[in-house]
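Structural overview for review
As a plain string of letters, each chain reads:
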Amino acid sequence: MKLIAHCLVKNEDRWIWYVINSVLDAVDEVLVWDTGSTDNTIEVIKSISSPKIIFASRLASTPQELTQARQEMLDQTRADWLLILDGDEIWTPYSLSQSLAAVKSQNNLDYLINSYKVLLGDVYHYQEEEAGRYQVGPYSGHVTIRFVNLKRLLPLRYYQDYPHESLRTRDGHSLQHLPTANTVLITSPYLHATHTNRTSLAQPQTVARSHLFKYELGVPTSKNFPYPKPFYYPHPKTVSSPWTRRSWGYVINAAWQTPLKYLKRRLIS
C-alpha cells in the first residue's frame, strides 16, 4: 500500500516542522508545495532531511488558484491512499496509528473520518466540542476527512474555492455527503492549530487567514494527553518551541469574549 501526503502551505513557519515530522515515518512521500511564503517556511521545510519530501514552489495568491493547486497535486499523484495534510495540523501518535490500522485492515473503506482538537492560543487549551460545526456523514463536530482511498474513488476533483474546497466523485457527490460511503470514525484526535499564531510575521500575508485567529479560554488539555512525538524532538533554531504559553493579552481578550461565544453556540444549536 502506498500512502502519499499532500501539504499546501504559505507562511506556516510556526508549525510546519512539527506537522511534517508527525507523519513522516508513516507515509511514502510528502508533496509539499509552497504558494508564496515570505516568512521562514521554506527554510524550515528544507531543514528536514528526508528523501520522502518532494518540495516545490507553486505560487497561488487567490482562493481559486489554491483550489487549482490542490487539483494539480492530485492529478500528479499515483498512490493507493491520500493523506490531506494542512500546514497547521499536527498528528498525535494515537490518531495516526489508529488511522493507519484502519487503512491497512479494511481495503473496502472509501475514506476515514478523523476527529481533531482545535488549539486555542497554545497547546494547553482547546475549543469545546460544541463549537464544531462540520458534518461528515452521520457525524458532526470537530470532524473531517483526511485519509482518502484513491484506488476506490478516483477520479476525484476539487470544487469550490479555498477555504471551502471539497473533493467530489465523478458523479458530483462530495465525499462528506457520499450516500454509499463506507467509512469509520477515528476518535483519537489530531491537533489543529488554526486558531494560534502560525507564522513569525507580524502581519501574515496569506489568503483568507485574518478571520481564523480567535480569542477563547477553551478547555485545559489533560495532563496525560499524548502530544505529537515531534514536540519532544530537538528542533532547529528557526523553529519555535511548541510549549510556549499564550500571552496574558490573549487571556484577557479571551476572558470577555468566551462567555459571549458559549452563549451564542447554545442559542443557535
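See above for the structure.
A short tour of the structure in this document, coming up. Residue positions are given per chain, counting from 1 as you read along its sequence in written order. The predicted nature of this model means local features are confined to residues of pLDDT at least 70 and side-chain atom pairs, given and counted, to a pLDDT of 80 or more, with totals for whole chains, interfaces and linings taken over all residues. For the side-chain quantities, the full set of heavy atoms in the structure was used; hydrogens and water were omitted.

A look at the overall build of the protein
Counted only if it meets this: Counting from the N terminus, the helices are DSSP H or I runs at least four residues long and the strands are E runs at least two residues long. Only the C-alpha atoms count toward the radius of gyration. The rule for a globule is 2.2 Å times the residue count to the power 0.38. Working definition: with a 1.4 Å probe on protein chains only, accessible area under 20% of the residue-type maximum means buried, over 50% means exposed, and in between means partly exposed.
Counting its secondary structure elements, the protein contains six helices and 14 strands. Rg of the C-alpha trace for the protein: 18 Å, near the compact-globule value of 18 Å for 269 residues, within the 12% margin. Once the C-alpha set of the protein is aligned to its principal axes, its extents read approximately 50 × 45 × 40 Å. A total of 269 residues make up the protein; the buried ones form 53% of that total.

So, the pattern of salt bridges
Opposite charge on two side chains permits them to pair, given that their charged atoms come into close proximity. Using the following cut-off: Only one rule defines a salt bridge in this text: a Lys or Arg side-chain nitrogen within 4 Å of an Asp or Glu carboxyl oxygen.
Evaluated as defined, the whole model comprises twelve salt bridges. Glutamate 29 is paired through a salt bridge with lysine 2; the nearest N and O atoms lie 3.9 Å apart. With glutamate 29 in strand 2 (residues 29–34) and lysine 2 in the segment before strand 1 (3–9), the pair connects residues that are 27 residues apart, well separated along the chain. Residues joined by salt bridges that share partners form a network here, namely Arg70, Asp86, Glu89, Arg146 and Glu165.

Points about unusual backbone geometry
In this chain, leucine 154 is followed by proline 155 through a cis amide linkage whose omega measures 0 degrees. Its location among the elements puts proline 155 in the loop between helix 5 (150–153) and strand 11 (157–159). Here tyrosine 162 and proline 163 are connected by a cis peptide whose omega angle stands at 5 degrees. As for its position among the elements, proline 163 is in the loop between strand 11 and strand 12 (166–168). One non-glycine residue, asparagine 11, lies in positive phi territory at about 55 degrees. With respect to the helices and strands, the residue asparagine 11 is situated in the loop between strand 1 and helix 1 (16–23). Despite not being glycine, glutamine 160 has its phi angle at roughly 70 degrees, a positive value. Among the secondary structure elements, glutamine 160 is positioned in the loop between strand 11 and strand 12. We classify glutamine 160 as partly exposed; its relative accessible area is 47%.

Section: the side chain of aspartate 88
Counted only if it meets this: Under the rule applied, a polar contact is a pair of N or O atoms within 3.5 Å (in protein, one hydrogen donor and one hydrogen acceptor; residues adjacent in sequence only if both atoms are side-chain atoms).
By the secondary structure assignment, aspartate 88 is in the loop between strand 4 (81–84) and strand 5 (89–90). The class for aspartate 88 is buried, based on a relative accessible area of 3%. Here arginine 198 takes part through its side chain, which lies 3.2 Å from a polar atom of the side chain of aspartate 88.

A look at the packing of aromatic side chains
Our working rule: When the centres of two rings from Phe, Tyr and Trp lie within 6.5 Å, Trp using its six-membered ring, the rings pair. Their planes under 30 degrees apart give stacked, over 60 give edge-to-face, and anything left gives tilted. Here, a charge over a ring means that NZ of Lys or CZ of Arg falls within 6 Å of the ring centre while also lying within 35 degrees of the ring normal.
For the structure shown, the criterion picks out 14 aromatic pairs. Ring pairing ties together the aromatic residues Trp15, Trp17, Tyr18, Tyr124, Phe225, Tyr227, Phe231, Tyr232 and Trp243, which thus form one cluster. Residue placement shows lysine 117 over the ring face of tyrosine 126; its charged tip is 3.7 Å from the ring centre. Geometry around tyrosine 124 places arginine 245 over its ring, the cationic atom sitting 3.8 Å from the centre.

Here we look at the pairing of strand 3 (residues 53–57)
Regular strands place side chains that alternate from one sheet face to the opposite one. So the rule is basically this: When DSSP finds two or more bridges between two strands, those strands count as paired. Crossover handedness is defined by viewing with both strands directed away from the observer: a clockwise path from the first strand over the helix to the second marks the crossover as right-handed.
Sheet analysis places strand 2 next to strand 3, joined by five bridges and oriented parallel. For tryptophan 33, the partnering residue across the bridge sits in strand 3 and is alanine 56. What joins strand 2 to strand 3 is helix 2 (residues 41–46), and the crossover it makes is right-handed.

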